[in-house]
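What follows is the residue order along each chain.
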Amino acid sequence: MGDDSEWMKLPVDQKCEHKLWKARLSGYEEALKIFQKIKDEKSPEWSKFLGLIKKFVTDSNAVVQLKGLEAALVYVENAHVAGKTTGEVVSGVVSKVFNQPKAKAKELGIEICLMYIEIEKGEAVQEELLKGLDNKNPKIVVACIETLRKALSEFGSKIVLLKPIIKVLPKLFESREKAVRDEAKLIAVEIYRWIRDALRPPLQNINPVQLKELEEEWVKLPTGAPKPARFLRSQQELEAKLEQQQSAGGDAEGGGDDGDEVPQIDAYELLEAVEILSKLPKDFYDKIEAKKWQERKEALEAVEVLVKNPKLEAGDYADLVKALKKVVGKDTNVMLVALAAKCLTGLAVGLRKKFGQYAGHVVPTILEKFKEKKPQVVQALQEAIDAIFLTTTLQNISEDVLAVMDNKNPTIKQQTSLFIARSFRHCTASTLPKSLLKPFCAALLKHINDSAPEVRDAAFEALGTALKVVGEKAVNPFLADVDKLKLDKIKECSEKVELVHGKKAGLAADKKDFKPVPGRAAASGAAGDKDTKDTSAPKPGPLKKAPAAKPGGPPKKGKPAAQGGTGGTGTKSKKAVETKEIVEPELSIEVCEEKASAVLPATCIQLLDSSNWKERLACMEEFQKAVELMDRTEMPCQALVRMLAKKPGWKETNFQVMQMKLHIVALIAQKGNFSKTSAQIVLDGLVDKVGDVKCGNNAKEAMTAIAEACVLPWTAEQVMSMAFSQKNPKNQSETLNWLSNAIKEFGFSGLNVKAFISNVKTALAATNPAVRTSAITLLGVMYLYVGPSLRMFFEDEKPALLSQIDAEFEKMQGQNPPAPTRGISKHSTGGTDEGEDGEEPDDGGSDAVDLLPRTEISDKITSELVSKISDKNWKIRKEGLDEVAAIINEAKFIQPNIGELPTALKGRLNDSNKILVQQTLTILQQLAVAMGPNIKQHVKNLGIPVITVLGDSKNNVRSAALATVNAWAEQTGMKEWLEGEDLSEELKKENPFLRQELLGWLAEKLPTLRSTPTDLILCVPHLYSCLEDRNGDVRKKAQDALPFFMMHLGYEKMAKATGKLKPTSKDQVLAMLEKAKANMPAKPTASAKATSKPVGGSAPAKFQPASAPAEDSVSGTVDSKPDPKKAKALGVSSKTKTAQGKKVPSKTSLKEDEDKSGPIFIVVPNGKEQRMKDEKGLKVLKWNFTTPRDEYIEQLKTQMSSCVAKWLQDEMFHSDFQHHNKALAVMVDHLESEKDGVIGCLDLILKWVTLRFFDTNTSVLMKTLEYLKLLFTLLSDEEYHLTENEASSFIPYLILKVGEPKDVIRKDVRAILNRMCLVYPASKMFPFIMEGTKSKNSKQRAECLEELGCLVESYGMNVCQPTPGKALKEIAIHIGDRDNAVRNAALNTIVTVYNVHGDQVFKLIGTLSEKDMSMLEERIKRSAKRPSAAPVKQVEEKPQRTQSTSSSTNMLRKGPAEDMPSRLNQARSMSGHPEAAQMVRREFQLDLDEIENDNGTVRCEMPELVQHKLDDIFEPVLIPEPKIRAVSPHFDDMHSNTASTINFIISQVASGDINTSIQALTQIDEVLRQEDKAEAMSGHIDQFLIATFMQLRLIYNTHMADEKLEKDEVIKLYSCVIGNLISLFQIESLAREASTGVLKDLMHGLITLMLDSRIEDLEEGQQVVRSVNLLVVKVLEKSDQTNILSALLVLLQDSLLATASSPKFSELVMKCLWRMVRLLPDTINSINLDRILLDIHIFMKVFPKEKLKQCKSEFPIRTLKTLLHTLCKLKGPKILDHLTMIDNKNESELEAHLCRMMKHSMDQTGSKSDKETEKGASRIDEKSSKAKVNDFLAEIFKKIGSKENTKEGLAELYEYKKKYSDADIEPFLKNSSQFFQSYVERGLRVIEMEREGKGRLPTSAGNTNGEEVGPSVYLERLKILRQRCGLDNTKQDDRPPLTSLLSKPAVPTVASSTDMLHSKLSQLRESREQHQHSDLDSNQTHSSGTTTTSSSSTANIDDLKKRLERIKSSRK
């Protein structure tokens, strides 16, 4: 029992994990109790068990598991954090609980799953359960199905997603296990309960027997709608509410709520979409055109099979639909027509809304095909058109349907009416607005009078259906003049109609989910219409107020000419009266007299034609009185006006009588029921008198009264035509004036713009100025209502007139049209009637646009034009687009039928040529304006693709797309855009541009809408992903749009939509939703809408190049978009104004200029680096080919697309060479202005240029070379360096061109090669050119050889790669070439080398055939340049010396900005070697002033110094003097440019190429070893050390890891590095310059090197480690003590913090610190104590005492204490004054610690504290016992014996011996081997020598003692070097320079990663070529034929041996 009691003591959570089952059982029981006690669901207690719950349910012991399940259930129910465990726990339940035999376990498992669902984790649970269905264990499968069934039954189909379950049902029915099949049956029944028949299609293919069983079960189910029995946590309140209702006895409301849910599930949603386009037979499109009907039938049958799939995947079905449409329309075989119709039906059913975009194309064809009589064809067509109707809206196809209604064929008329009837059944009152109903009723009314009975019946049925759908009130106005019999027939039909929606309007809204509802949003027809109609009118918004008061809507839809339509403004009764009066018969004069005499006094009638004017006047007075007293109903208006018109009638000569007469006409019109018949009698007379001075006003009054009686549109039309059919200009101008006034009084509603415009044009052309002025005034008034589009009709007027019109329009701009004051009184009753339907007032607003004359342009959209637009050649495509623009421009306003144009334009929206995309967008803007609101039907197939363009990478294209979308939305309203999935699909695309533009657009539009389609919810998931997009702009736009989405969808819906997000995302999004909820704007109300509209109303001006005057369109653009385009638009406005009459072409050309004026190269951050990485990682093809293949060109195209302007790219990759020339011209133009862009895309430009090298066209080649010359000049000016990648993909192809037959081209190529040396090292160019010498083209060989000669001449032998020997051998081969030019070139090149290098050439060449050798010798003899030692050198040097000084002083004078061009000119002026000119890179100009100041002295002294120094050393050597002089030619001219030289060499130290690095180190070593020159390094120490530890890191990470690399190369490099550093740290003045940061990195590098185990495995590794040891000591002693102490403290802190750091590393850092502590007594006064204490403070802050004590080793804390103790001891209490740099002393324990120490030392004696220090330093306590001493010594010897620490051990032993000289170490040595003893002794001696400074360490690598530079030192060094080189060491007389380390032949460059180099260093390193221009190198290379001595960068072993021999022999 012992162990029992043990586990009983454990805490609960540990018990739960115990391996004893009893312990776990007890743990679970206790946990259960705890869970039941915790009241707070957010208690931290829950989190303790978070990770254990899975173990609770998966326990291996069945009994324990039961208890665990109980506890888990309580946990899930109560814990707030339980949701986090869903996945793992449910999967545990599925795999480990559902397979248990105990029923209790399974029940608990199911309960846990349901509980997870309740806490809102339904999806995760369902996912795990569905995975469980794939389990092999049938028990588990059954349990999973049962759980799903219970979940569905309890939570309902809203929570449990049915689609995935239904998907697996058929598989479950096929299971071999009966239990699984039975359970599947049960769940199928449960699912049926929720979704009814929607379940049938997915299960149609299961076993018929099973299906039958299911049917039987289904029948038994109750018919009522099911309700969920259990609710989610968030819905629990709802549950409570339900219970209250039920207890109150009425669950009706609850039932209603849920009842509505049922139809939401749609079988279609449960199906998987099938992709069929790819499965079409390959020859389908050929077969469908075949001549044999059988083949066509086969093709159609194949399609029929495919479209039987009930749900099809979206795709581009345009071609297929086109083919089927052609069969339906044109095929002669009716069987095939029926088959094609079936296919269309299948497509429409399978695609649903996605088929909507094709509906417009197909509907007219099908309707016209109804002429077929065969029943099966008619039936197929009916099915097709019905299916198609469901995919679109009635609004969208209304135009097509109405067009067919006028067909002569009765069958077509009948079937169309029947189709309309069927369509109406799907509508509701709100989706069938009056504006839509009116044209249909008008057409159907014609049909009810048709001669064919079937047509009449069909029309009755359609009208009856309309009546049923929208109610009598809405339809009656249209049926006013239908006789009683027919009206009854319509009503009878109406009663028979069964509507799809039932009569309940509420359901209509629901139905919207199920099927697209035509027209408006169900809930608010008013808002919808307001949107769609109003925004469409291109006119200033204020109009909206006008119609609001006068409901004048309906007339506008009918053809305006039809007088019948105009009556619609009245009420029903009024309408009826009017219509009767309209057709009032014309009465004869007799009847009129009779009627008049009944109401007028007899005298009055008799005196009418009296000859005495007074009698006539009296008669008129009586007449007037009589009229005034008459009752409206009794007044015979026609008779009265006839009387007035009776002779003399309107020819009345007396003005008083005439005035009276006119006044009476006005009275009659006002008081009586005045008909148009009566009006026609008088109008002519009125118009005749309107210009009369005296009677004119009365005439106008009468006309106004008539207009009020007979509506203005009709009156105005009559008056205008009468005025302009006569010649009197006064009448004409006054008529126009009257009309201007009348429009203001009556409003614009219903006016026929068409009729006016022709009259106004006539008036404008009149000779009389008054007529013209009146016309212009009238236009001004019309402009108020119609807006800018009015101007389009007058664009071709003369400019003078046009400017007057524009001036008038300008006056009107910004004014609101006045509210109508007339035309209302009689219709006040009508106001209420119409007012109910909120959209009516708006319709008045749209009249203006709808009455503009619309042209049919479909006949102009020919198939040729469409094919042009889709042509392969962009020019032809452009022509096509130009034609379309011209057609639209000419037509001004067009009808919606535009044939195939939408498909063609859609293709252009993703045109590769961005100019065409922009042109297409401009056309689409025009189209929107031209088509007006009818553009709606094209939103899906043309509008949505425009939205896709918002994702374009070019800003100007995006702006154009946005303008287009706005122009469209202006016309269509937003509803069309938001319906369906299209918008959400766009938002789903992960394109940051598209997302930010689209969200910005929605954020702008959504707030203005009063309602939105429910489909808006589809965008929400993508909106959420945008909230977390990696692009900041997208996130911002998404956040901005969030409140507006919430405004329409509500917080609940939005919050629910977060369910599918990851938990982290969900929390973030919910937080944002909360925030948005606070900022959520209110939905705009009707009144708000009206106010917001004026803004929108005037908007179209912004987007219509075609409709507005040029100035308007420009200023409009500026107002609408505050973006960079603003300036541009303004800039070009003058251009636009001067453009000829037509606006659009000028606008498009303007677009192009605008497009081309942008940058041609786009700077993509890190684009080039990424491309290089891709090429390295072989993700793309390496640019390497003999001739460019297509894939290379395509790849380049793709890479360029992101960073080269689209239009330029099209030019660059055009098939026609002239376009390449154009592209090059553009690139030349932009070269200067876009430097960054050019450099950013340089790799691509050079690759493209290589493609041009393969063109045959000379002009392109010449242009290309011209461009390259300019390019490389620019690059050298910019001090750019070609990358390896750029060079290797360009230079080889350039070299190909050097062999061109044309001289001029070869010359250019050579010039480019020369310039390239300024941006790419000549030494790297060399191998490429060398490769060129192997060409088969002899010209190329010759030119390449010449170029090599030039390189050697300009840059010296060190350009020859891989070694001079190899290079010259290869060049020498060509001396025997069969081509004379090649031979000469080879000889000349070698002569050049000879001139630079002397006789050694022969050695380097090796053996040649006699013939070749004799040719060479002959040539050398003939060559004038004999190697003639010093004089030549002088000649060569002087110009350069003066040159360089002048250039550097130039620079000082002019400053860096100007120095480049001047230096370039100098470079050009040096005729001999342009490259030899001095070129100083900017980053090398750092210390120019300093050097300039030194120049004087240095210039005088340097040469002698060098001379003297060298002679001094080499006195006895018998070598010709010139050669000795050149030992250090590099530094001869130090004064000219020391700093830049040193910078350059230092840059090479960090080179990835070992040889380069070694050569640089050699040169630096040489400087450091000569005291007088060492000062030159001053100021460069940090830079040098950075380069050095970069190199160390490079060796450590790259070279050491490189298998292929010879390790002795690495050792050689190490030796050089360490040797250099030792030399440096000998010189105290230089060593002190090293800064803290650099020292830290250096120490890090050195310690890492000491610990590198790979080194020790190398034979000379030990030697390296020892040298490093020595170096470290030097660094510690010689550096600035403050800096090194600080560096070590920081390094220790970093190493202790870094988890990856080895303890060894920290230990070595601490040893360095101890060493520093020992030095403190000597150095304390030179140390900046404040800084050191700050560092210690920071250290102690990061590592408080407690933390340090936790370290595995006690060293850190001891080190720190020792350091502090020593400082305290040395400084005493003063140390506390040095805490000045510490801001907050309380952050660490430093101050307290120091105070403690001070106190302690006060108590103790001084000697005691001394001993303390000793203890710290030597780690030996004097009081320690003998045993301790022995232990300590043993530890030291152990260290000496170990490989890693031997050096450290020796150092410690030395210290120990020094302190305790009497200590006996003999016992430790005597047991060891003789070798070990001598090793220890030697080691101690070495340390002693080194400590006492008695000389050099024999083992260190190339290290000089800075104090004495005597021959012995060199001998010492030589000895080591000789050993290295494998030379005999018997005679050691003198040391060769460090270069002898290079004695092995140089290895070709090893590609290595130098990524870690600092940016500056990498620039410096790459700039090594630049250096070849400096004097330094020119001296070296031109120094009179000297042999390669220590200065030469390429050391050759033969040469070294020879040299050594000479030195030795001279020493003997």
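Residues numbered from 1 in each chain as written. Predicted model: local features only at pLDDT ≥ 70, side-chain atom pairs only at ≥ 80, totals over all residues. Heavy atoms only, no water.

### Focus: the overall build of the chain
Now for step 1: On a plain count of helices and strands, the chain comes out with 110 helices and 0 strands.
Now for step 2: Sorting the 2012 residues of the chain into buried and exposed places 57% on the buried side.
Now for step 3: Within the chain, contacts between residues separated by at least 24 positions form 76% of all contacts whose residues are at least 6 apart in sequence.
Now for step 4: Summing over all exposed atoms, the chain offers an accessible surface of approximately 84,100 Å²; the carbon and sulfur share of this is 52%. (Helix = DSSP H or I, 4+ residues; strand = E, 2+ residues; numbered from the N terminus. Buried < 20%, exposed > 50% of the residue type's maximum accessible area, 1.4 Å probe, protein only. Contact = heavy atoms within 4.5 Å. Areas by Shrake-Rupley, 256 points an atom, 1.4 Å probe, with all protein chains shown as cover.)

### Things to note about the pattern of salt bridges
Now for step 1: All told, the structure shown has 75 salt bridges when counted by the stated rule.
Now for step 2: The salt bridge partner of E1266 is K1269, with a shortest N-O separation of 3.7 Å. With E1266 and K1269 both in helix α72 (residues 1258-1277) and 3 residues apart, the pair spans about one turn of that helix.
Now for step 3: Residue E1266 is classed as partly exposed on the basis of its relative accessible area, which comes to 39%.
Now for step 4: When the shortest N-O distance is used, the salt bridge between E1343 and R1310 registers 2.8 Å. Remark: R1310 occurs in helix α75 (residues 1303-1316) and E1343 occurs in helix α77 (residues 1338-1355); sequence separation between them is 33 residues. Neither E1343 nor R1310 differs from the other in exposure class; each is buried.
Now for step 5: Connected through salt bridges with shared partners, the residues D1303, R1306, R1310, E1343, E1346 and E1347 form a single ionic network. (Salt bridge = Lys/Arg side-chain N within 4 Å of Asp/Glu carboxyl O.)

### Description of the nonpolar core
Nonpolar side chains tend toward joint burial in soluble globular proteins.
Now for step 1: In this structure, M1577, F1584, L1585, Y1614, F1625 and I1736 are the most contacted members of the largest nonpolar core, which totals 102 residues.
Now for step 2: If we ignore the near neighbours within four places in the chain, the residues touching L1585 are L1621, L1624, F1625, A1634, V1638 and L1642.
Now for step 3: One finds A596, L600, C637 and A766 within the second-largest nonpolar core, a separate group that totals 93 residues. (Core = buried A, V, L, I, M, F, W, Y, C linked by side-chain atoms within 4.5 Å.)

### Overview of the packing of aromatic side chains
Now for step 1: Taken as a whole, this structure holds 24 aromatic pairs when the rule is applied.
Now for step 2: Ring geometry for F424 and F440: centres 5.8 Å apart, planes at 90 degrees, overall edge-to-face. Placement of F424 in helix α23 (residues 410-425) and of F440 in helix α24 (residues 434-447) is noted, with a sequence separation of 16 residues between them.
Now for step 3: For F440, a relative accessible area of 0% puts it in the buried group.
Now for step 4: Members of the aromatic cluster, connected to one another through ring pairs, are Y28, F35, W46, F49, F56 and Y75. (Phe/Tyr/Trp six-rings, centres within 6.5 Å; stacked < 30°, edge-to-face > 60°.)

### Some thoughts on the packing of helix α90 (residues 1607-1626) against helix α94 (residues 1661-1678)
Now for step 1: Where α90 meets α94, the axes come as close as 9 Å, and the angle between the chain directions of the two elements is 20 degrees. Put simply, α90 runs roughly parallel to α94. Crossing of α90 over α94 shows left-handed handedness. Contacts between α90 and α94 pair I1611, Y1614, I1618, L1621, I1622, F1625 and Q1626 from the former with G1661, V1664, S1667, V1668, L1670, L1671, K1674, V1675 and K1678 from the latter.
Now for step 2: Looking at the contact of α90 with α94 residue by residue, the classes come out as 11 nonpolar, 3 polar and 2 charged. (Axes fitted to C-alpha atoms, helices over the stretch in contact; angles between N-to-C directions. Parallel < 35°, antiparallel > 145°, perpendicular 65-115°, else oblique. Left-handed = near helix turned anticlockwise from the far one by under 90°. Nonpolar A, V, L, I, M, F, W, Y, C, P; charged D, E, K, R; others polar.)

### Some words on the environment of D1303
Now for step 1: Looking at where D1303 falls in the secondary structure, it is placed in helix α75.
Now for step 2: A polar side-chain atom of D1303 sits 2.3 Å from a polar atom in the side chain of R1306. (Polar contact = N/O pair within 3.5 Å; in protein donor to acceptor, adjacent residues only side chain to side chain.)

### Digging into helix α9 (residues 138-155)
Now for step 1: Between its terminal C-alpha atoms α9 stretches 25 Å, which fits the 26 Å expected from 18 residues at 1.5 Å a residue.
Now for step 2: Among all positions in α9, only I140, V141, V142, A143, C144, I145, E146, T147, L148, A151, L152 and F155 are buried.
Now for step 3: Residues of α9 that are buried sit in contact with α7 (86-97), α8 (103-132), α10 (162-173) and α11 (178-195).
Now for step 4: Where α9 begins, the side chain of N137 points an oxygen toward the backbone nitrogen of K139, at a separation of 2.9 Å.
Now for step 5: Positive phi appears at G156, one or two residues downstream of α9, with a value of about 90 degrees. (Expected span 1.5 Å × (residues − 1).)

### Comments concerning the confidence of the model for the chain
Now for step 1: Looking at the chain, the pLDDT average stands at 75 and 76% of residues meet or exceed 70.
Now for step 2: Confidence drops under a pLDDT of 50 for residues 1086-1154, and excluding neighbours within four residues, the segment shows 114 contacts in the predicted structure.
Now for step 3: Low pLDDT (under 50) marks residues 1972-1995, which in the prediction has 87 contacts with non-local residues, meaning those over four places away or in another chain. (pLDDT = per-residue confidence, 0-100.)

### Thoughts on the packing of helix α79 (residues 1380-1397) against helix α81 (residues 1410-1422)
Now for step 1: Between α79 and α81, the least distance of the axes is 10 Å, while the angle of their chain directions is 60 degrees. Here α81 runs oblique to α79, going by the angle between their axes. Handedness of the α79/α81 crossing: right-handed. On α81, the residues touching R1383, N1384, L1387, N1388, I1390, V1391 and Y1394 of α79 are M1415, L1416, R1419 and I1420.

### Let's talk about helix α48 (residues 874-891)
Now for step 1: Between its first and last C-alpha, α48 extends 26 Å over 18 residues, near the 26 Å set by a 1.5 Å rise per residue.
Now for step 2: A side-chain oxygen of the first residue of α48 lies 2.8 Å from the backbone nitrogen of K875; this N-cap is N873.

### Considerations on the environment of P410
Now for step 1: Within the element layout of this structure, P410 appears in helix α23.
Now for step 2: The class of P410 is partly exposed, set by a relative accessible area of 33%.
Now for step 3: As a C-alpha pair, P410 and S451 span 41 residues in sequence and 9.0 Å in three-dimensional space.

### Brief notes about the side chain of S678
Now for step 1: Within the secondary structure layout, S678 lies in helix α38 (residues 676-689).
Now for step 2: If we skip the residues at most four places from it in the chain, S678 touches E584, C637, Q638 and V641.

### Concerning unusual backbone geometry
Negative phi is the rule for most residues except glycine; trans is the rule for most peptide bonds.
Now for step 1: The backbone of E120 shows a phi angle near 75 degrees, a positive value even though the residue is not glycine.
Now for step 2: For N1166, which is not glycine, the phi dihedral falls at a positive 60 degrees.
Now for step 3: Here N1166 is to be found in the loop between α65 (1143-1157) and α66 (1167-1176).
Now for step 4: Relative accessible area serves as the criterion here: at 56%, N1166 is assigned to the exposed category.

### Concerning the environment of C16
Now for step 1: Here C16 is to be found in helix α2 (residues 12-16).
Now for step 2: In sequence terms C16 and L52 are 36 residues apart; their C-alpha atoms lie 7.6 Å from each other.
Now for step 3: Once you skip the residues sitting within four places of it in the chain, C16 turns out to touch R24, G27, Y28, L52 and F56.

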